[in-house]
Each structure stands twice: as C-alpha cells, then as structure tokens.
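This is what each chain is made of:
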Amino acid sequence: MQDHKISFTGTEDYIASKELQNSVNVAVALGRPLLIKGEPGTGKTMLAQSIADGLGKKLLIWNIKSTTKAKDGLYIYDTVQRLYDSQFGDHDVSDIRHYIKMGRLGEAFLASVQVVLLIDEIDKADLEFPNDLLWELDVMNFNIPETGETVHARHRPIVVITSNAEKELPDAFLRRCIFHYIAFPDAAMMSDIIAVHYPDLEQKLLDEALAAFYWLRGIGSLQKKPSTSELLDWVQALTVGGISPEQIGEELPFLGVLLKKDHDFTTVLQRLHNEGAQAKSASRFPHLR
Amino acid sequence: MFINFFYLLKAYGVPVTITEWMMLTEALALGMAHSSLTGFYHLGRAVLVKSETHYDRYDLAFYSYFQGIETPVELTEKVLQWLEKALPPRYISPEERQKFQEWDLDELRRQLEQRLKEQDGEHHGGSNWIGTGGTSPFGHSGYHPAGIRIGGEAVNQSAVQVAAQRNFRGFRTDTTIGVRQFEVALRKLRQLSSKEEGPREELDLDETVQETGNKGGLLQLVWTRGRKNMVKVALVMDSGGSMDPYMRICSQLFTAMNRSSHFKDLRFFFFHNCIYQHLYQEPSCSLSSAIRTDDFLRMLSPDYKLIVLGDASMAPSELTMPGGSIDWSYSNDEPGIAWLQRIKNHFDHAVWLNPIPAHFWARVTGNYTIAKIRSIFPMYELTVEGLEGAIKKLKVRQ
C-alpha cells in the first residue's frame, strides 16, 4: 500500500481499454485481487504481463490445473524427501524448515519488493479452491503448522486472477475481488491491436481481413469462434502468403488458421458457397472502417 | 448519499453486498472516481458487479439513478400498475378462452404491441421499463388451458401465447414417497475412474509394506490412483405451466438428484416450455437467473450427462418457428428445435425424461412436438423403470 500514485496505462505491446486501465488502478489502490473474465483470446493472461511491465514489477505466474490445491500455492512440505533423508542420516532432518518449499503465493509474500502475482485460470481447479484462498488473499499471511511460523506479506502483491468461466466462482470469493470483463474488441480496437503487432500492414488488407473475421465470428453455429490470437496468426499468414486483399473475402485463404474444428470448416464453406463472396467484403461493412 | 443507489442496484437484481459497498466508499475516499460521473460509473461497476451477466442491469440502474429521471421507482410502479390493469384476469372463462384461441400468434402480438404503444404515450419513458424485459409482467407469462393433456379427449388445448401472470413454484420440496426409489435408480449412474488415468495420489499401503520389506527395511513408498465416481450430471427441467400436473413427480426426481451425493458435479437448469438462447438457474425462469445457452454449452464440457425433463408438449410454432417462444417479450431468432439439436450435439450422452406416460405419447395434444423431440433425444417416461432405461443409455459408450 505504499504508493497510490502509480497508475497503469497499458504498454506498447498491449492495448488496454480505458475501463480496463481503470479497473487495474482501482484494484492496485484498494489492494484487492483483480478478477479478469472474458472470452478466450482476449488477452487475459497477457494483461498481468503488461501490468508487471507497465509498473516495472516482477511477475510471478501460478498456473492452476484441475489437481491444484490451494495449499500448493502457499508452501509444500516435502515429507517424502525427509523420510528418505532420515534413512541415511546424512542430512539434518530435525529441522523441518529444510523441507518446506514456498509456493507461488508464498514467494510473492516473501519477495523483497512488490510483485505482480498472476493466478491463471482459477476456474480450472476444484470448486472449493477459491474459498480456500480467501483468508490468505484477505489478510495476506498464512501459517505453517509444521514449523509454527507465520508468513506475512512484506509487500501486498498485486494479484491478478483470470477465469474462463468454466465454473461459477463462489460468492464469498467474488465479494472480495474487483471484477472486470474484457469484452471482445470491436473492429476499431482490433485494428489498433493488429497495428501494434504488424505496424506496416496495408490498410486495404487489414480492412478485408477484419471484415472476413467479424463475418466469421457472426456465424452463430460455430463451435469455436476465432479469437484475437488466431486473427493475428491469420494476418501474418496472409502477409507471408502474399495474398491480395481482393482474394481474402472471396476465398478465405488459410482458413485453417482461424478455424480449428471440422464442423466449423464445413459450416463456413457452406455459407461461403451460399452467400457468395459479396457477403463479407469490406464494402458491405462501412462501419468497420 | 448514494445509499439509495445501493438499494436500486439490488432492486434491479445486481447482488451487491455491504462488503462491496464499503469497498466502493473506500475507493471514493481515495479519489478513484476522478471526480467524474464516468469515473464513478467504471469504479462502481468494477467494485460492485461481479459477473458480466449483471453488467446490463447495472447499466439500467445507473441510468435510472443518474439520468434525470426524477422518481424512477415510482415510475416503475406506475407502469406495473398500468400493466396489471391491462392484463387479462388470471381465471379465464371458457368464452374468453374461445376468444383467445381464435387469435393467431401475429394478431395477439399486434394487439399487445398496440397496447404498449399507447402506454408509451401515456407514461413518458415507460417503454424503457418494459424494454428491460424482466421487470414487467409482460416478460414472463404464459397461459395454458387448464385441461390436462394425458386424457386425450380434449381437442384444442395447445398453449396460446398470452401475457398473463404466471404462478411460479419452486421445485424443491421434501416429498419422500418415491424419492428413495429414484435415489436407488440414480445410484446406478456411476462411472468409476479407471486405474489408468489421473494422478497417483493415494498411498498404497500393502504395496509400500511389501516393497519396503523387499528392500530390507529401506522405505519405499508406492502410490496408487484412487477410484472416484467421475459422472457429472446436468439436469435441465421444464418449469412451464403445462408441467404443473406433473409437479409432484418432478419434485421427487429433483429431490432424489439433490440427495445423490455421489456425482462429481451436479447442475440444475430450467427452461419454459422449450429451450432457446437462454436457460435459467431458478425454476421461476426469472430474468435475473438467466444464462445464455451458449455459455451453458461452454461451461459444461461434453462429458456431462445431460438429462432433460419436460413434457415436450407445446404448440408446434414454439418448437419450429423463429419467434415462437411462449413468452411474448422473448424473441428467439432461431427455432427451439435448432437449439435442442445443438444441445444434443454438444453432449456425448443426453436423454429426455417425459412425465407423460409413454403409451400416451402418440395420442396427447402435444404428440407432434413429442415426436419431433424424440427424433433428437432418446426419450424415456419418468418412472423408475424409465429412469433406469435412461441411465443405461447415459452409460453406453458412443
């Protein structure tokens, strides 16, 4: 809580909307975890990197898997190693502290300067997982019963939590968070994002690619809608492949970069066939410019 | 001074709590709103709203609190009162029913639209309130002729789209008769995780002793995989008016499901007559409990066992026509059948349980839609035997 003046404004390689910047700053100022939700590919994980870069802090990433337990993030007591060591008697096993290893959250607490801690994809874990972290995130300390020590956070870390909404998060957990939903970027913002990655892109190509992209996303029956990162890959493929802007709307070249499911492929080709190339040429979408 | 805003948010269905309100106060004290309304808007949303599905309600509440509408609450009441007066009485006499049946869908809709237009003139900004869809009785209404369909002797009993007050009833009761039988049947819905997958997390004591002995007392820990029930279940129930006669048996199944603690995960969802782009988390199908069907499909992986519980009887238009939803204010761009097909395709295992006894399926009023839905979902009657059949179907590898 040492500095309220710092403020996050996005970084060169990450465009953050005004609202998102605001949410980040509120979370930092209040010392609350920032919960980020949004469609896959809207840059949830990238945000933490950007906050760390933007504020000049170190980033610690705690990737959550379905087997992750809340305690794993605090510390791990390696009993098995201790048992093995005790068999040989060449280590000092009387000091349990040698067998306590800090988890990501523990590391963040013990860091000598304030860090950014990313708890990535919290919804992957067990339903009770977020509740198990309530206390630690609230008061920023935890107890190690094995040694009787209490670990206090030297500097309250900036905690960023991402969720894909696979599972509902518990209310008690939500109450303590600052929440932000990253909406899927509109065409204007998307062209800014692309410009960051490919500054020299031809305007015509960009328009056509965006028109085709949003046309694709507009197809309701797609099982997996293409996301930002796929669009970026696609734009690169188009550039490298030397595709002319006119071809994009007509043929949708390198469609495999955008669509990952057989079913979607057939759907799109069907539509393309039925509606003809006119459907998604940029001229049909003047508002996208 | 903003405390009324807090209550207004609650009234609009944003679940705000004191904790969050205090947090907002703290942030305001730190100057996080940058002394502007826009700043306050974003700050409030970040601190008070915890789900993107509530964003819209927050916007509405914010709009009504800050945008020059002087007495928003009163206005709501006024509109509601007006709506109440305009509603047909809840008891509909046979003559009146005749009148309704003569109207077709478009006529009915036109009439209501007409009324709404008039109201717009009378109460300034009134359309705004109705536009929210959830707060006016117009949003959630449906009238079903009282006749029960299984009799087979009635002719014109298809549900007509009428805006009328609907009685909501929760499903959860403490019925005990029959519950146990369902529970026993449900216990068969079990699929243990194999010894082949998952992390080795449990200490295999026998093997550990054996191995340690083999090593002459040198400790050798052996880990094994535990066996757990991996079955995840999603129960999607029709809570529409035509289900009323079957309320009791549905409650029994619901109670039995709820008591079954052996599932890895169990989720309940509700719909009204047919599934469109929204499902509901409460039997009332209120707007505040709505989730998008797309999100439902994203949230539940295909390995969930889907059980749909409904009478599958509705007006053919409700199933096959865009805009055919029984709720007048609810517009579905895609016909219900497309949604049903999509849901069926998503899940590896899905069954439909029908409280109407199987031998009536071909004869009841809803036989057309029952047949249609049966072509998508394997359908079983809601009896203990039917449930067992359904469970077998859910366990078969496809």
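Residues numbered from 1 in each chain as written. Chains lettered and ligands numbered in written order. Predicted model: local features only at pLDDT ≥ 70, side-chain atom pairs only at ≥ 80, totals over all residues.

## Overview of the overall build of chain B
From N to C terminus, chain B includes 16 helices and 9 strands. Out of the 398 residues in chain B, the part that is buried amounts to 35%. Taking the contacts inside chain B whose residues are at least 6 apart along the sequence as the reference set, 72% of them involve residues at least 24 apart. (Helix = DSSP H or I, 4+ residues; strand = E, 2+ residues; numbered from the N terminus. Buried ≥ 20, exposed ≤ 12 C-beta atoms within 10 Å, placed from the backbone. Contact = placed C-beta atoms within 7 Å.)

## A few points about the overall build of chain A
From N to C terminus, chain A includes 14 helices and 9 strands. Looking at chain A as a whole, 34% of its 289 residues qualify as buried. Pairs at least 24 apart in sequence give 77% of the contacts found in chain A among residues at least 6 apart.

## Re the sheet that holds strand β1 (residues 34–38) of chain A
Residue and element names in this part refer to chain A. Here 5 strands make up an open sheet; going across it, the order is β2-β5-β8-β1-β9 and the pairing parallel. Strand pairing shows two members of the sheet lacking a second neighbour, β2 (58–63) and β9 (178–182), which therefore form its edges. Sheet twist, expressed as the mean angle between neighbouring strand axes with direction ignored, is 20°. Examined bridge by bridge, strand β5 (residues 115–120) and strand β8 (residues 158–163) share 4 bridges and lie parallel to one another. The residue of β8 that forms the bridge with L118 is V160. (Pairing = 2+ DSSP bridges. Axes fitted to C-alpha atoms, helices over the stretch in contact; angles between N-to-C directions.)

## Points about the interface of chain B and chain A
Listed as interface residues are 21 residues of chain B and, on the opposing side, 23 residues of chain A. Listing elements by their share of the side of chain B that touches chain A, those giving two or more residues are α2 (18–29) and α3 (37–48) of chain B.

## Remarks on the nonpolar core
The tendency in soluble globular proteins is for nonpolar side chains to be buried side by side. In terms of nonpolar packing, the biggest core is built from 65 residues, with V26, L34, L117, V160 and I178 of chain A touching the most fellow members. Examining the composition of this core, we find that 7 residues originate from one element, helix α1 (residues 18–30) of chain A, more than from any other. Not counting chain neighbours up to four residues away, the residues in contact with V160 of chain A comprise L34, I36, L47, A48, I51, V116 and L118 of chain A. Among the nonpolar cores identified, the runner-up in size contains 57 residues, and L300, L340, V364 and Y380 of chain B belong to it. (Core = buried A, V, L, I, M, F, W, Y, C linked by C-beta atoms within 7 Å.)

## Describing the confidence of the model for chain A
Residues of chain A with pLDDT of at least 70 account for 91%, and the chain-wide mean is 82. This model gives residues 284–289 of chain A a pLDDT under 50, and the stretch forms 9 contacts once residues within four places in sequence are excluded. (pLDDT = per-residue confidence, 0-100.)

## Remarks on the pairing of strand β6 (residues 141–144) of chain A
For a regular strand, side chains alternate in direction, first toward one face of the sheet and then toward the other. All names here are of chain A. In terms of strand pairing, β6 meets strand β7 (residues 149–152) through 4 bridges, oriented antiparallel. When the bridges of β7 are listed, F142 appears paired with V151. The antiparallel pairing of β6 with β7 creates a hairpin that spans 4 residues between the two strands, and G148 there sits at a positive phi of about 75°.

## Concerning the packing of helix α1 (residues 3–11) of chain B against helix α4 (residues 55–66) of chain B
All names here are of chain B. Direction vectors running N to C along α1 and α4 enclose 140°, while the axes themselves pass 9 Å from each other. Classed by the angle they form, the pair α1 and α4 counts as oblique. Remark: the crossing between α1 and α4 carries right-handed chirality. Contacts between α1 and α4 involve F5, L8 and L9 from the first element and Y58, A61, S64 and Y65 from the second. A per-class count over the contact of α1 with α4 returns 6 nonpolar, 1 polar and no charged. (Parallel < 35°, antiparallel > 145°, perpendicular 65-115°, else oblique. Left-handed = near helix turned anticlockwise from the far one by under 90°. Nonpolar A, V, L, I, M, F, W, Y, C, P; charged D, E, K, R; others polar.)

## Points about the pairing of β8 of chain A
Residue and element names in this part refer to chain A. Of all 6 residues that make up β8, 6 are buried, and the element is covered over most of its length. Side chains I158, V160 and T162 of β8 all project onto a buried face; the interleaved residues V159, I161 and S163 project onto the opposite face, where all are buried too. Sheet analysis places β1 next to β8, joined by 4 bridges and oriented parallel. Each bridged residue has a counterpart across the sheet, and for L34 the counterpart in β8 is V160.

## A look at the packing of α1 of chain A against α2 of chain B
Running from N to C, α1 of chain A and α2 of chain B point in directions that differ by 95°, and their axes come no closer than 10 Å. Classified by the angle between their axes, α1 of chain A and α2 of chain B sit roughly perpendicular to one another. The residues of α2 of chain B that touch α1 of chain A, namely those facing V26, A29 and L30 of chain A, are M23, E26 and A27 of chain B.

## Structural notes on the confidence of the model for chain B
All names here are of chain B. Mean pLDDT over chain B: 69, with 66% of residues reaching 70 or higher. Segment residues 69–92: pLDDT under 50, and 31 contacts once partners within four positions in sequence are set aside and those in other chains are kept. Across residues 120–177, confidence stays below pLDDT 50; counting only partners more than four residues off in sequence or on other chains, it has 129 contacts.

## Quick word on unusual backbone geometry
The backbone of E121 of chain A shows a phi angle near 55°, a positive value even though the residue is not glycine. With respect to the helices and strands, E121 of chain A occurs in the loop between β5 and α6 (129–132).

## Brief notes about the environment of L20 of chain A
All names here are of chain A. By secondary structure assignment, the location of L20 is in helix α1. Put simply, L20 and F8 are 12 residues apart on the chain and 9.4 Å apart in space, counted from C-alpha to C-alpha. Setting aside chain neighbours within four positions, we find L20 in contact with H180 and I182.

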